[in-house]
Amino acid sequence: MLDMKKSFWLEFSKKQDYPKLKENIKTDILIIGGGITGILCAYELSNYYKDITIVEQNELYHTTTGYTTGKITYQHGYCYANLIKDKGMARAKDYYEANKMAFDYLVNQIKEHNIDCDLDITDAVLYAKTKAEYYDLLKERRAYEALGIDHHWGENQILPFKTYAYLKVPGQASFNVVKYLDHILGRLSDVKIYENTKVTETVDNDQEVYAITTDNYKIEAKYIINASHYPFYKGFNFYFLKVYPTIAYVAVGKVPHEELVPNGLYINSQNPIYSIRYAVRDNEKYLMLAGQSRDANQIDDFKKELSALKTFGKEELSIDEYIYEWYNQDYDSTDMIPLIGRVKSSHSYIATAFKKWGMTTSVLASIMIRDLITKKVNKYQELFNPNRSFLTFKTIKYNLKMGKTFFKTKLLKAIIDNNVKKGEGSIVKIINRKYGVYIDQDGKTYVVKPICPHMKCTLLFNNVSKTYDCPCHGSRFRYDGKCLDGPAPRDLELLDIDLKIQPLS
Ligand SMILES: Cc1cc2nc3c(=O)[nH]c(=O)nc-3n(C[C@H](O)[C@H](O)[C@H](O)COP(=O)(O)OP(=O)(O)OC[C@H]3O[C@@H](n4cnc5c(N)ncnc54)[C@H](O)[C@@H]3O)c2cc1C
Ligand code: FES
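Residues numbered from 1 in each chain as written. Chains lettered and ligands numbered in written order. Predicted model: local features only at pLDDT ≥ 70, side-chain atom pairs only at ≥ 80, totals over all residues. Heavy atoms only, no water.

Section: the domain arrangement of the chain
So, step 1. Domain assignment breaks the chain into domain 1 (7-390) and domain 2 (391-505).
So, step 2. On a C-alpha basis, the centroid separation for the pair domain 1 and domain 2 is 26 Å.
So, step 3. Counting residues at the interface gives 31 residues for domain 1, matched by 38 residues for domain 2.
So, step 4. For the pair domain 1 and domain 2, the summed buried surface comes to about 2,800 Å²; carbon and sulfur atoms form 56% of the total.
So, step 5. Contact with domain 2 buries area across many residues of domain 1, yet Phe240, Asn297 and Ile299 alone supply 23% of it, more than any other trio.
So, step 6. Linking domain 1 with domain 2 are 1 salt bridge, by the criterion used here.
So, step 7. Two residues, glutamate 424 and lysine 303, come together in a salt bridge whose shortest N-O distance is 2.5 Å.
So, step 8. Counting the contacts that link domain 1 with domain 2 gives 10 residue pairs in polar contact (both at pLDDT 80 or more).
So, step 9. Among the residues making up the side of domain 1 that touches domain 2, the classes are represented as 16 nonpolar, 11 polar and 4 charged. (Domains from an automatic or database assignment. Contact = heavy atoms within 4.5 Å. Buried area = accessible area lost by both parts, 1.4 Å probe. Salt bridge = Lys/Arg side-chain N within 4 Å of Asp/Glu carboxyl O. Polar contact = N/O pair within 3.5 Å; in protein donor to acceptor, adjacent residues only side chain to side chain. Nonpolar A, V, L, I, M, F, W, Y, C, P; charged D, E, K, R; others polar.)

Below, the structure is given as structure tokens:
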């Protein structure tokens, strides 16, 4: 049975274990979160500051980053036509140039330092699987022409299933993100790193800037970088109204022969999305298929969605056996632009809503935050400004939908299932009370109250990742209640209660 640990990438991890923080400390830069964004912020600032600290509530890069598909591209799916329509040509051009700059920076860094991370330079391909997508691609091609993005158009079938057209950006890349980050960590010997250390509170005003951890230790800092996926900074910002979680599944297997799917980074424009790339292990190539993307607020059966992805891989790409499968979530913003920069009138910086394109965007964020802290001008600051107005029709529409989701989780019978198998979990209802129950393979039962500590939505049990997931704003908790992601301020409490549930065999 697969669990959150089973990611193709994490099997490569050679990172050491880092200690838990057990004292009060002072540091110049405190980075909350040790995914790709936090680690790269530390790297970029290490030439300017000797005293940098990363605190990670779990293990470095074991949340979103370790479950990515690791394409490095500024193609970002079907996006430029929409950016021009909603934001205008100048902003769309800035978005493209910022991500191209980050792409070039990352690829050059890997080449210059000879970083062993399976870098593969290849084409990024937006393909049309339907007639409707064909028209999207025509619009996207016009956007590329207007923005000066190098591209190639084709109408021959490019994949084993019917495709109507494709828009290719040459010279893009893929890599093994864990091998890359292990190399970067090796260059951060002066950075203090603490794992299993969760920040529960930050204070940031003219007199003092500090964070408090779960064990009540104080970390005083000059600057705090929120590289925590969902921004930890609270203030009066209500980020949960501006950013929203979207999910997807990944399955990895072998195709019968590599000519079936030519090397490349493939993605289509409309749901169901199927993203495809190759990944290498022991000189063997595996196909990494990602898809069934959707907003996290729909209440669907996680296992069925994963199964639909695998069926597509079997029927259309002839993948008979999958060796890895997982679930992952990233944040999107209600105005399509990530939030990167300094929180107004504070010593805090945030970087979030990478829209499943965090490989280039995290590099961009680390460069922008480095420039902001070291008082250099960064030309992309205005576009990504996290303090911009979000009073848009899309923001209002999204938040109305969120209110509905809250009530759906309260009323919905479909999330209740009193039958729990070993190695699985469920939301059960006993004498009118809901409990979250997970029974491990040895029969040990873990019981929690399935209510999100953020704003009290009822949690769903996700049997793909063995987590409790909040459909409202994306908080996620391991089966034993440990918080993994999202705005929830604390873990779920494990209840010492015997519900007398016998696992189904
Ligand atoms: C299915 C899927 C496929 C993807 N594929 C691609 C791709 O091909 N190319 C691409 O460019 N992008 C891709 N992405 C997006 C990319 O993986 C993410 O944008 C990126 O990994 C986010 O990195 P991060 O460091 O910001 O967040 P994370 O990796 O989530 O790191 C944040 C860290 O902060 C820690 N943390 C949170 N709160 C606290 C706290 N209070 N105290 C201490 N620590 C805390 C968390 O534990 C976590 O480890 C994909 C995303 C998904 C969902
Ligand atoms: S994350 Fe907001 S209610 Fe759960």
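Structural notes on the pairing of strand β18 (residues 424-430)
So, step 1. Burial within β18 is extensive, with 5 of its 7 residues counted as buried.
So, step 2. Summarising the sheet, β18 and strand β19 (residues 433-439) pair through 7 bridges and their orientation is antiparallel. By the bridge assignment for β19, glutamate 424 is matched with isoleucine 439.
So, step 3. Between β18 and β19, which pair antiparallel in sequence order, lie 2 residues; one of them, isoleucine 431, sits at a positive phi of approximately 45°. (Buried < 20%, exposed > 50% of the residue type's maximum accessible area, 1.4 Å probe, protein only. Helix = DSSP H or I, 4+ residues; strand = E, 2+ residues; numbered from the N terminus. Pairing = 2+ DSSP bridges.)

Notes on the state of the cysteines
Linking two cysteines covalently through their sulfur atoms gives a disulfide.
So, step 1. For the structure on display, the rule yields 1 disulfide.
So, step 2. Here cysteine 457 is linked by a disulfide to cysteine 472, with a sulfur-sulfur distance of 1.8 Å. When the S-S torsion is -75°, as for the bridge of cysteine 457 with cysteine 472, the disulfide is left-handed. Residue cysteine 457 is located in the loop between β20 (445-448) and β21 (460-462), and its partner cysteine 472 is located in the loop between β22 (467-469) and β23 (476-478); the two are separated by 15 residues in the primary sequence. (Disulfide = S-S within 2.5 Å.)

Some words on the pairing of strand β4 (residues 120-128)
So, step 1. Pairing of β4 with strand β6 (residues 165-174) involves 8 bridges; the strand directions are antiparallel. What sits directly across from alanine 124, in β6, is valine 169.

Overview of the site of ligand 1
So, step 1. Near ligand 1 you find 35 residues, and of these Glu56, Thr64, Thr65, Thr69 and Met359 are the closest.
So, step 2. Within the contact set of ligand 1, a nitrogen atom lies 2.9 Å away from a backbone nitrogen or oxygen of glycine 358.
So, step 3. Protein chains bury 97% of the 1,000 Å² of accessible surface belonging to ligand 1 in isolation.
So, step 4. At the level of elements, α1 (36-45), β11 (243-253), β15 (322-333) and α7 (358-373) are the ones that each hand at least two residues to the shell around ligand 1.
So, step 5. Ranked by residues supplied to the shell around ligand 1, first place goes to β15 with 3 residues.
So, step 6. Here the shell around ligand 1 is built from residues that sort into 12 nonpolar, 18 polar and 5 charged. (Near = heavy atom within 4 Å. Areas by Shrake-Rupley, 256 points an atom, 1.4 Å probe, with all protein chains shown as cover.)

Some words on the packing of aromatic side chains
So, step 1. Taken as a whole, this structure holds 28 aromatic pairs when the rule is applied.
So, step 2. Note on phenylalanine 175 and tyrosine 180: the rings are 5.4 Å apart at their centroids and 50° apart in plane angle, and the pair reads as tilted.
So, step 3. Given the relative accessible area of 1%, tyrosine 180 is considered buried.
So, step 4. Lysine 162 extends its terminal NZ or CZ atom over the ring of tyrosine 164, reaching a point 4.6 Å from the ring centre.
So, step 5. Stacked on the ring of phenylalanine 232, the Lys or Arg lysine 234 has its end atom at 3.9 Å from the ring centre. (Phe/Tyr/Trp six-rings, centres within 6.5 Å; stacked < 30°, edge-to-face > 60°. Lys NZ or Arg CZ within 6 Å of the ring centre and 35° of its normal.)

Focus on the environment of valine 250
So, step 1. With respect to the helices and strands, valine 250 occurs in strand β11.
So, step 2. Sequence separation between valine 250 and glycine 291 is 41 residues; the distance between their C-alpha atoms is 6.6 Å.
So, step 3. If we skip the residues at most four places from it in the chain, valine 250 touches Tyr67, Thr69, Met288, Leu289, Ala290, Leu306, Leu309, Tyr324, Glu325 and Trp326.

What about the side chain of glutamine 172?
So, step 1. Along the chain, glutamine 172 turns up in strand β6.
So, step 2. Polar contacts involving the side chain of glutamine 172 include one to the main-chain carbonyl oxygen of proline 170, which spans 3.3 Å.
So, step 3. Among residues more than four places away in sequence, those in contact with glutamine 172 are Ile72, Thr73, Tyr74, Gln75, Phe103, Asp120, Ile121, Thr122, Ala124 and Leu265.

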